[in-house]
Amino acid sequence: MDKPTHTDASSRLLADYTLSDSAADELFARDGSMRPVWKPFVRTLANLSDQELRAKFERARQYLRDAGVYFRQYSEDPLNEREWPLSNLPVLLHESEWTDICRGLEQRANLLESVMADLYGPGWLMTEGHLPPRLVTENTHWKHPMVGVQPRGGHYLHFLAFEIGRSPDGSWFVLGDRTQAPSGAGFALENRMAMRRVFPEDYPRAYTHRFAGFFENFRKALHQLATTNRTEAQQFGLLTPGRANDAFFEHLYIARYLGMLLLEGEDIIVQNGQAMVRTIDGPVPLGLLWRRIDSAYADPLELGPDSQIGVPGLMDAVRSGSLAMVNALGSGVLETRAMMAFLPRISEVLTGQPLIMPNIATWWCGDDQARAFLRENVHRMLIAPAMSVDLPFDSNSETVLGTEPEIMSLLDQPSPDLVGQEAVSLSTTPTWRDGEEGPRLVPSPMTVRVFAARTESGWQFLQGGYARIGPEGDSNALAMQRGGSVADVQIISDDRVPEPVGPSAAPDPTGQRRVRTESGALPSRAADNLYWLGRYIVRFEDVARLLRAYHLRLAINDNSDDPLLSLIATALEEVDIDPADPIPRGLRDRLHAAHNCASKVRDRFSTDGWFALSDLAKTVGQMVDTAQPGDDAARAMSILLRKTAGFSGVVTENIYRFYGWRFLSMGRALERADSLAAVMQTFCDDDAPEGALDVALEVADGTMTHRRRYALDATRESVIDLLAQDTGNPRSLLFQVREMQSLAQDMPGASLSARPTPIIRELLPVRTQLEVMQPAEVTAQVLTDIRAAIGRTSDRLAEAHLR
Amino acid sequence: MQYDITLKIDYDYTQPTDRTRNLLRVLPRSIPGKQAVHDWTLALTPRPSEQTSFTDFFGNAVTSAVWSYPIQEVKIALSIRVERRDVQPLLSLATPLDRMGRELAAVRDISAGSPLHFTAPTARTPTNIDMGSFARDLMTPGISAADAVRRVGQAIFKEMTYSAKATDVDTPAAVAFGKRAGVCQDFAHIMIICLRSLGIPAGYVSGFLRTFPPPGKEKLVGVDAMHAWVCAWVGPEIGWIEFDPTNNQPAGSDYVTIGYGRDYDDVAPVIGSMRGAGDQSSDQSVDVAVVE
């Protein structure tokens, strides 16, 4: 194919755009002319200066960073998150082409549903010889417990993704079916948000089909599936493997976008065949799970004994018909690579129709004829395990080229374990390269992921999708294994696309959806993590204050036998802090614990809050190597305390003030009350050395107030009065106890009975005591008893809401 | 032969556990023509919050029990009367081992009894080179699949020492084979791996053995606890045969079957999950008395 010539301004951008004879291209049609959907867009790009273009693309990266879009690799390190590799340019496809694609994939979706129903039903395809039985019976993704089980709602498949590519002749084909727990739709949404910021220009923006309707309709379908024929209200949620998963961000994002509960296995219990969400209100019925975990991990009792992330008894809820699954457990079997060798024939057998869109040509080596053909043509084949469920270009795929030396010998005998696929060439799409000679568009291979959702009116397709872009120049499908970037796929209409009408997917202005999900079901695990986040942050802060007090005194008095220094050191050692270490391990542990809790409820507070906490963790990490005992460590603690105040401010100011906020606040108040009591126990003791009362005031942040209120040297009475009994001092014990009581009064179920709840029953005597006693009566014993009551309060809270 | 069987399993948890959910596979199943189940009682203490039962894919009887309150122990007590008949296959119809591949390729049945479910390696029966060559070295030209099963079972019996101390429930079969020691579970897994390496579909059978042997015979190994042996598919004419490598004999009328599976995990007597941090320990006793 000749290199296209361009006389206009785009010629500079396209100077290095070299087309290959063996692959199709998205920008240029086969005759070398630019496809009409791209023309206005390329013109826009060409009219911008290099600086303008660079600034544009920087905006996208900035947006993704601010929105907290990340991608992670499995690892223990909670901070191992990589930037999202979004390509600067979208992929543009005309709507008529997209309509054809969707028509082919709709047929395929229905076919997959029929195959699924047969594999877990009569097994007719196998007994009649249309599918080799061993591809099923030896397949670990075929789940025996599902045989004969009718899926709730009658369908096995509800959400599918198809990986498609364009052949050299311009037609589209399917590279792989994603039926287990397809990912990518959330990332597609984020890609779109970013692209709309990069390209605010009228074209392609106003001509691009929208995403919102697809998700809104799917949400409705899920709601219906969960609630149809049920008398009780049913929750529905998205089941995630947890934050260690590479796509956790997407789970978080979709759950938030659709107003669904984000659930982990431990959020769910099964009672009498009914799945329930553990909430602060007790267990509430769960009608549907959109699972993002593989079937093998879904139920350790029946589907795979090693799962730590599943729900014991989940299979029981599925069998009883009370729980709908998106998709049905065991649907991963349809992803088996060898299945594609038989689907074209199965389509004709089951429906009388050939596949509208072919899948990648596939040969199963258990068949002697197929194997012979593969041997003849091995140089243009990809070889993989027959049962493989990955895509040929996944970075960890087991797929190899047929030209690998050992392949031939494997094909010498019947090899039912192997499958061969045509080593296809993928089409190329423009990507951005900014080199010494200035910005250029260059062709890179791509595949497109198409998403389909079952709705009331049948399969609906996301109008657009998610493209994977391989390394520049190489259009071999395997080259994609080396990774690259992702791009927003935009479906372009000839006419302007109207703004979406009706309910949008964003929270509606009345906030109703949000209130409904929050009040209806705050999972106990989320409440637990918020509660402990509150506690750990205060623990961290208290230790930092004690350490600061210690190092301030160490700076002017390095006699380690000094009674006051020893007293502070003892107080630190009692909470497992080694004062000899400027940034002790125990301090970092408290912060890690807080970070860990926060990461599990990241869907419930703002990105800013998350960044503030990550920043705090980073700062502490850096201080470990540099801080010196004395003044330096004291300064370090001041920095940490300021940053902590920043985080607490962001979180408490910005979190939605409902149950979640109450648990966070409860954790803070409870921990603060306990630590105030502990400080008074230690530093207001009659035997405490000179200066101990000042330490108490300092650690409780009461020095200034005390000076103003009492205008005299601290006495035990004055300190106790301020730190234990002063209702105007937010850092007094009584203030915190009242705060806890008021929070407890707003906990679920608290107003159902005229009698105080068990939590309040623990708090009332403490409050009364503090209100009526004289400071002198608040003895060490009284403080000990109060700490015990605070400990019991935490137990009561856990029993009532976190179980 | 008719048996009165009592089984007691006690679980102790070091910490009280909350929301304990157990699947029990302890009830002998009916097998047409071979085994009939009469009266039984299954008592669970403390009383479960839920107790239901279902039949799993392989046709085994499963009891599901849930305790939704904290418990520190579970006692399982089963008493059941079972009738077992000795069915001797007609071995003259035996399929030669080297024809098994073709026979299997012709099988299209995918019901629970199909040999096709018992050909692939599993988590507890992964392919193993040592066991594979151990099994191959035992074969002679023209041997039938049924003879191959017996020969492998015999060889394992001779090669392995029965020892309750050598392994525990989670010891991989390869480790037990390396030590040449283990219990019935290890013997069975090793035999399954060997047979599958020869192309013979093989499965795990859990069940009971009569406590006191017929007069004049030796007391068998494994009578004090639940037992395990092997089933193998030896061609379309004979179908399934059962062999006990721990006692070097076909599983005849001295045996009572609870269930069939691909390995231990499919038929484990108790599969449990609980919320709680502690460890657990268990204790088991079995009595299989002949009803005169």
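Residues numbered from 1 in each chain as written. Chains lettered and ligands numbered in written order. Predicted model: local features only at pLDDT ≥ 70, side-chain atom pairs only at ≥ 80, totals over all residues. Heavy atoms only, no water.

**Q** Talk me through the confidence of the model for chain A; I want residue IDs and the actual numbers.
**A** For chain A, the average pLDDT comes to 88, and 92% of its residues sit at 70 or higher. Note on residues 73–79 of chain A: pLDDT is under 50 here. Beyond four places in sequence and across chains, it has 11 contacts. (pLDDT = per-residue confidence, 0-100. Contact = heavy atoms within 4.5 Å.)

**Q** Outline the environment of Gly-272 of chain B, supporting the account with residue identities and numerical values.
**A** Looking at the element boundaries, Gly-272 of chain B is found in strand β13 (residues 270–275). Non-local contacts of Gly-272 of chain B, meaning those with residues more than four positions away in its chain, are made with Leu-301 of chain A together with Arg-21 and Asn-22 of chain B. (Helix = DSSP H or I, 4+ residues; strand = E, 2+ residues; numbered from the N terminus.)

**Q** Can you explain the interface of chain B and chain A? Please cite residues and give values.
**A** On the chain A side, the residues contacting the 24 residues of chain B number 28 residues. Looking only at chain B, the three residues that lose the most surface to chain A are Arg-19, Arg-21 and Ile-110 of chain B, adding up to 26% of its buried area. There are 1 salt bridge connecting chain B and chain A. When the shortest N-O distance is used, the salt bridge between Asp-316 of chain A and Arg-21 of chain B registers 3.7 Å. Run the count over chain B and chain A and you get 6 residue pairs in polar contact (both at pLDDT 80 or more). Breaking the side of chain B that touches chain A down by element, the ones donating at least two residues are β1 (2–24), β3 (50–55) and β13 of chain B. When its residues are assigned to classes, the side of chain B that touches chain A shows 11 nonpolar, 5 polar and 8 charged. (Buried area = accessible area lost by both parts, 1.4 Å probe. Salt bridge = Lys/Arg side-chain N within 4 Å of Asp/Glu carboxyl O. Polar contact = N/O pair within 3.5 Å; in protein donor to acceptor, adjacent residues only side chain to side chain. Nonpolar A, V, L, I, M, F, W, Y, C, P; charged D, E, K, R; others polar.)

**Q** Just give me the short version of the packing of helix α3 (residues 145–159) of chain B against helix α5 (residues 184–197) of chain B, but keep the residues and values in it.
**A** Residues and elements named next belong to chain B. Packing of α3 against α5 leaves a shortest axis separation of 10 Å and a crossing angle of 140°. Judged by the inter-axis angle, α3 sits oblique to α5. As α3 packs across α5, the resulting crossing turns out to be right-handed. Listed contacts from α5 to Ala-148, Val-149, Val-152, Gly-153, Ile-156 and Phe-157 of α3 are Phe-187, Ile-190, Met-191, Cys-194 and Leu-195. Tallied by class, the residues present in the contact of α3 with α5 amount to 10 nonpolar, 1 polar and no charged. (Axes fitted to C-alpha atoms, helices over the stretch in contact; angles between N-to-C directions. Parallel < 35°, antiparallel > 145°, perpendicular 65-115°, else oblique. Left-handed = near helix turned anticlockwise from the far one by under 90°.)

**Q** Explain helix α12 (residues 339–351) of chain A to me, using residue names and the numbers behind them.
**A** Residues and elements named next belong to chain A. Look at α12: 17 Å from first C-alpha to last across 13 residues, which is about the 18 Å you get at 1.5 Å a residue. Along α12, the largest kink reaches about 35° and is centred on Arg-345. Residues of α12 that are buried include every one of Met-339, Met-340, Phe-342, Leu-343, Ile-346 and Ser-347, and no others. Residues of α12 that are buried sit in contact with α4 (95–119), α5 (124–127), α6 (134–137), β5 (172–178), β12 (362–364) and β15 (418–422). Note on α12: the residue one or two positions beyond its end, Gly-352, has a positive phi of about 75°. (Expected span 1.5 Å × (residues − 1). Bend = angle between axes of the 7 residues up to and from the residue. Buried < 20%, exposed > 50% of the residue type's maximum accessible area, 1.4 Å probe, protein only.)

**Q** I'd like to hear about the packing of aromatic side chains, residue by residue, with values.
**A** Applying the stated criterion across every chain yields a total of 31 aromatic pairs over all chains. Relative to Tyr-255 of chain B, the ring of Trp-229 of chain B lies with its centre 4.9 Å away and its plane at 70°, an arrangement referred to as edge-to-face. On the criterion of sequence distance, the pair formed by Trp-229 of chain B in strand β9 (residues 227–233) and Tyr-255 of chain B in strand β12 (residues 255–261) is long-range, its members being 26 residues apart. On the basis of relative accessibility, which here comes to 0%, the residue Tyr-255 of chain B falls in the buried class. Over the aromatic face of Phe-211 of chain A sits the side chain of Arg-192 of chain A, whose NZ or CZ is 3.9 Å from the ring centroid. (Phe/Tyr/Trp six-rings, centres within 6.5 Å; stacked < 30°, edge-to-face > 60°. Lys NZ or Arg CZ within 6 Å of the ring centre and 35° of its normal.)

**Q** Now, about the environment of Arg-192 of chain A: what can you tell me, with residues and values included?
**A** Residues and elements named next belong to chain A. The topology assignment puts Arg-192 in helix α7 (residues 185–198). Classification of Arg-192 as buried rests on a relative accessible area of 6%. Sequence spacing of Arg-192 and Ala-487 is 295 residues, and the spatial spacing of their C-alpha atoms is 8.8 Å. Excluding its chain neighbours within four sequence positions, the residues that come into contact with Arg-192 are Thr-208, His-209, Phe-211, Gln-463, Asp-488, Val-489 and Gln-490.

**Q** Mind laying out the pairing of strand β16 (residues 428–435) of chain A, listing which residues take part and the relevant values?
**A** Residue and element names in this part refer to chain A. Here β16 runs beside strand β17 (residues 438–455); their pairing, made up of 8 bridges, is antiparallel. Bridge pairing links Thr-431 to Val-442 in β17. In sequence, β16 turns back onto β17 through a hairpin of 2 residues. (Pairing = 2+ DSSP bridges.)

**Q** Could you give an account of the pattern of salt bridges, with specific residues and numbers?
**A** Pairs may arise between side chains of opposite charge once their charged atoms sit close together. All names here are of chain A. If you walk through the whole model with that rule in mind, you get 58 salt bridges over all chains. Of the charged contacts, one joins Arg-371 and Asp-368 as a salt bridge, the two residues approaching to 3.1 Å between their closest N and O atoms. On the criterion of helical spacing, the pair formed by Arg-371 and Asp-368 is a turn pair, its members being 3 residues apart in helix α13 (residues 368–376). Using a relative accessible area of 11% as the deciding quantity, one classes Arg-371 as buried. The salt bridge partner of Glu-671 is Arg-535, with a shortest N-O separation of 2.6 Å.

**Q** Residues and numbers for unusual backbone geometry, please.
**A** Residue Pro-204 of chain A follows Tyr-203 of chain A across a cis peptide bond; omega there is 5°. Among the secondary structure elements, Pro-204 of chain A is positioned in helix α8 (residues 202–205). With omega at -5°, the peptide bond leading from Thr-45 of chain B into Pro-46 of chain B counts as cis. Relative to the assigned elements, Pro-46 of chain B resides in the loop between β2 (35–45) and β3. Located in the positive-phi region is Asn-229 of chain A, a residue other than glycine, with phi close to 60°. Of note, Asn-229 of chain A is situated in the loop between α9 (212–227) and β6 (235–239). Phi is positive for Asp-701 of chain A, close to 55°, though the residue is something other than glycine.

**Q** Help me get a handle on the packing of helix α19 (residues 607–626) of chain A against helix α20 (residues 631–654) of chain A, residues and values and all.
**A** For any two helices packed against each other, the geometry is given by the interaxial angle and the distance between the axes. All names here are of chain A. Relative orientation of the contacting elements α19 and α20 amounts to 170°, with a least axis distance of 8 Å. Classified by the angle between their axes, α19 and α20 sit roughly antiparallel to one another. Packed against α19, whose contacting residues are Asp-608, Gly-609, Ala-612, Leu-613, Asp-615, Leu-616, Thr-619, Val-620, Met-623 and Thr-626, the element α20 presents Asp-632, Ala-636, Ile-639, Leu-640, Lys-643, Thr-644, Phe-647, Val-650 and Val-651 at the interface. Across the contact of α19 with α20, the residue classes break down as 11 nonpolar, 4 polar and 4 charged.

**Q** Explain the sheet that holds β12 of chain B residue by residue, including any values.
**A** Residue and element names in this part refer to chain B. Sheet architecture is open: 5 strands sit in the order β11-β10-β9-β8-β12, paired in antiparallel fashion. Unpaired on one side and paired on the other, β11 (249–250) and β12 mark the two borders of the sheet. Bridging between strand β8 (residues 202–209) and β12 involves 6 bridges; their strand directions are antiparallel. Residue Leu-209 lies in a different strand from β12, and its bridge partner there is Tyr-255. Against the sheet, α5 makes contact with β8, β9 and β10 (240–244), and its axis sits at roughly 155° relative to β8, the strand it touches most.

**Q** Which residues make up the nonpolar core, and what values go with them?
**A** All names here are of chain A. Among the nonpolar cores identified, the biggest contains 94 residues, and Leu-533, Leu-587, Phe-663, Met-666, Met-680, Phe-683 and Leu-733 are the most heavily contacted of them. Of all the elements, helix α16 (residues 524–556) adds the most residues to this core, at 14 residues. Membership of the second largest hydrophobic core comes to 79 residues, among which are Met-126, Ala-317, Val-419 and Ala-521. (Core = buried A, V, L, I, M, F, W, Y, C linked by side-chain atoms within 4.5 Å.)

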